[in-house]
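The lines below spell out each chain.
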Amino acid sequence: QQPVQSPQAVILREGEDAVINCSSSKALYSVHWYRQKHGEAPVFLMILLKGGEQKGHEKISASFNEKKQQSSLYLTASQLSYSGTYFCGIPERNDKIIFGKGTRLHILP
Amino acid sequence: DGGITQSPKYLFRKEGQNVTLSCEQNLNHDAMYWYRQDPGQGLRLIYYSQIVNDFQKGDIAEGYSVSREKKESFPLTVTSAQKNPTAFYLCASKTDRATGELFFGEGSRLTVL
């Protein structure tokens, strides 16, 4: 079952903050976050692990609440380059990774 | 440079024809994946493979077939049984570590006329 992402879409002005949420009906052990620009492949942002460990490549923060079975991605002081569609991915058994429907983020100058 | 190569990038086919999309990786990753992307639907898993000569169905496997004869290759065949094959198809791979991230190819856009 796909994780549920909210909101579906966000429009911000450059410099504003955004929060993207991802909820799962199943127990979470880790959460992946990716960003996809129009016409391009999704690019890895971050993995959150049970126990609080975070693994990522960009200056974007996130939280992982195992009890609530949800994760949130925090984009602070957004830049034009942050525009795109953000996906959370939930690993299930045997390397199976299921993605949400995505959150479209549009940053205005 | 290491990466994932999908081909062709664009493909047009007539209804009723089988189509095979290529996916090759030189990252030495064990696991490979095929996702389908439609507007507003996110990334939906078609098939995935953790090791050579083994693969599992994802959530929307009907009408598709795959093979994994070599570690670096994971081709996807869209058969005539797939009722709505027009879509953007993404191939990905990852290491066998539990914390490994997915690396995606550039995608193949299939249009069935």
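Residues numbered from 1 in each chain as written. Chains lettered and ligands numbered in written order. Predicted model: local features only at pLDDT ≥ 70, side-chain atom pairs only at ≥ 80, totals over all residues. Heavy atoms only, no water.

Trainee: Help me understand the pattern of salt bridges in this model?
Mentor: Close approach of charged atoms allows side chains of opposite charge to pair. Considering all chains together, one arrives at 7 salt bridges over all chains under this definition. A salt bridge links E92 of chain A to K96 of chain A, with the shortest nitrogen-to-oxygen separation between them at 4.0 Å. The burial state of E92 of chain A is the same as that of K96 of chain A; both residues are buried. We note a salt bridge from R36 of chain B to D38 of chain B, for which the minimum N-O separation is 2.7 Å. Several salt bridges share partner residues, and in doing so they unite K26, E92 and K96 of chain A together with D59 of chain B into one network. (Salt bridge = Lys/Arg side-chain N within 4 Å of Asp/Glu carboxyl O. Buried < 20%, exposed > 50% of the residue type's maximum accessible area, 1.4 Å probe, protein only.)

Trainee: Please explain the packing of aromatic side chains as it appears in this structure.
Mentor: The geometry of two aromatic rings is summed up by the distance between their centres and the angle between their planes. Applying the stated criterion to the full structure yields 10 aromatic pairs over all chains. With centroids separated by 5.8 Å and ring planes inclined at 70°, the aromatic side chains of Y34 of chain A and F44 of chain A adopt a geometry described as edge-to-face. Here the residue Y34 of chain A occupies a position in strand β4 (residues 30–36), and F44 of chain A occupies one in strand β5 (residues 43–49), the gap between them amounting to 10 residues. Assigned by exposure class, Y34 of chain A and F44 of chain A land together as buried. For the pair F99 of chain A and Y35 of chain B, a centre-to-centre distance of 5.3 Å together with 80° between the ring planes defines the contact as edge-to-face. In this pair, F99 of chain A sits in strand β10 (residues 97–99) while Y35 of chain B sits in strand β4 (residues 31–38), so the two residues belong to two different chains. For the residue pair F99 of chain A and Y35 of chain B, the accessibility class agrees, reading buried in each case. The rings of Y34, F44 and F99 of chain A together with Y33, Y35, Y48 and F104 of chain B are connected pair by pair, giving a single aromatic cluster. Sitting over the ring of F74 of chain B, R68 of chain B keeps its end group 5.9 Å from the ring centre. (Phe/Tyr/Trp six-rings, centres within 6.5 Å; stacked < 30°, edge-to-face > 60°. Helix = DSSP H or I, 4+ residues; strand = E, 2+ residues; numbered from the N terminus. Lys NZ or Arg CZ within 6 Å of the ring centre and 35° of its normal.)

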